[in-house]
Amino acid sequence: RRIVVKDAYSGALVGELPLDTAATVAEKFAKAKAAQVAWAATDYKERAECVAKFSALLEKHADELAALMSSEMGKPMAHAKGEIMATIPRLQFFLDHTEAVVADQKVRVGEAA
C-alpha cells in the first residue's frame, strides 16, 4: 500500500510514498535514536555549522520548497514562502544564543543566591 500525494489545486500526482507498518516505524525510530546519540556526541561548533548550513539551504531553495508546500497542502505560495523565510531568523537566534546556554558552568553548592 502507498500514500498518494496529489496537487491540492490541480489533482496532478506530486508523488507516492510507501505506507509505514509497525515494523518500519520501529526501524525508523531505532535509526533516529542512534542518530540522536551521534548528534549529541558531536561538538557544539560542528552542530552549529550544520544548523547554519541548513539555514542557508532553506534560503537558497525557498522558492522551490514553497512551491512543493503549496502543491502538497494547497497553501498559498506567499504563505508557504513566508513560513520558510520565518524559520531562518529563528535558526539564527538559536545559533546566536545556544552556545552560552549549553556551555559548562561552575555551580557553587551551599551558597545563598
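The structure we're discussing is the one just above.
Because the structure is a prediction, the values reported are computed rather than measured.

A. Expanded view of the overall build of the chain. Along the backbone of the chain there are four helices and two strands. When its helices and strands are written in sequence order, the chain yields β-β-α-α-α-α. The globule rule puts the C-alpha radius of gyration for 113 residues at 13 Å, and the 20 Å found for the chain is more than 25% above it. Once the C-alpha set of the chain is aligned to its principal axes, its extents read approximately 65 × 40 × 25 Å. Among the 113 residues that make up the chain, the fraction classed as buried is 15%. Total accessible area on the chain is roughly 9100 Å²; 62% of this is exposed by carbon and sulfur atoms. Averaged over its 15 positive side-chain charges, the chain has a centre that lies 4 Å from the centre of its 16 negative ones.

B. Region of the structure containing a nonpolar patch on the surface. Taken together, the side chains of Ile3, Leu17 and Leu19 present a nonpolar region at the surface, about 240 Å² in accessible area. Mapped onto the elements of the fold, Leu17 is located in strand β2 (residues 13-18). Using a relative accessible area of 46% as the deciding quantity, one classes Leu17 as partly exposed.

C. Fine view of the pattern of salt bridges. As enumerated under the stated definition, the model contains five salt bridges in all. Glu16 is paired through a salt bridge with Arg2; the nearest N and O atoms lie 3.2 Å apart. With Glu16 in strand β2 and Arg2 in strand β1 (residues 2-6), the pair connects residues that are 14 residues apart, well separated along the chain. With a closest N to O distance of 2.7 Å, Lys81 and Asp63 form a salt bridge. Of this pair, Lys81 sits in helix α4 (residues 77-102) while Asp63 sits in helix α3 (residues 62-73), placing them 18 residues apart in sequence. Exposure remark for Lys81: the relative accessible area of 32% places this residue in the partly exposed category.

D. Molecular detail of the packing of aromatic side chains. Using the criterion set out here, one finds one aromatic pair in the structure. Taken together, a centroid distance of 5.5 Å and an interplanar angle of 80 degrees make the contact between Phe93 and Phe94 edge-to-face. Residue classification places Phe93 among the partly exposed positions, given a relative accessible area of 46%.

Parameters and conventions
- Residues numbered from 1 in each chain as written.
- Predicted model: local features only at pLDDT ≥ 70, side-chain atom pairs only at ≥ 80, totals over all residues.
- Heavy atoms only, no water.
- Helix = DSSP H or I, 4+ residues; strand = E, 2+ residues; numbered from the N terminus.
- Rg over C-alpha atoms; globule rule 2.2 N^0.38 Å.
- Buried < 20%, exposed > 50% of the residue type's maximum accessible area, 1.4 Å probe, protein only.
- Areas by Shrake-Rupley, 256 points an atom, 1.4 Å probe, with all protein chains shown as cover.
- Lys, Arg positive; Asp, Glu negative; His and termini not counted.
- Charge placed at Lys NZ, Arg CZ, Asp CG, Glu CD.
- Patch = residues over 30% accessible without salt bridge, like charges linked within 9 Å, V, L, I, M, F, W, Y side chains within 5 Å.
- Salt bridge = Lys/Arg side-chain N within 4 Å of Asp/Glu carboxyl O.
- Phe/Tyr/Trp six-rings, centres within 6.5 Å; stacked < 30°, edge-to-face > 60°.

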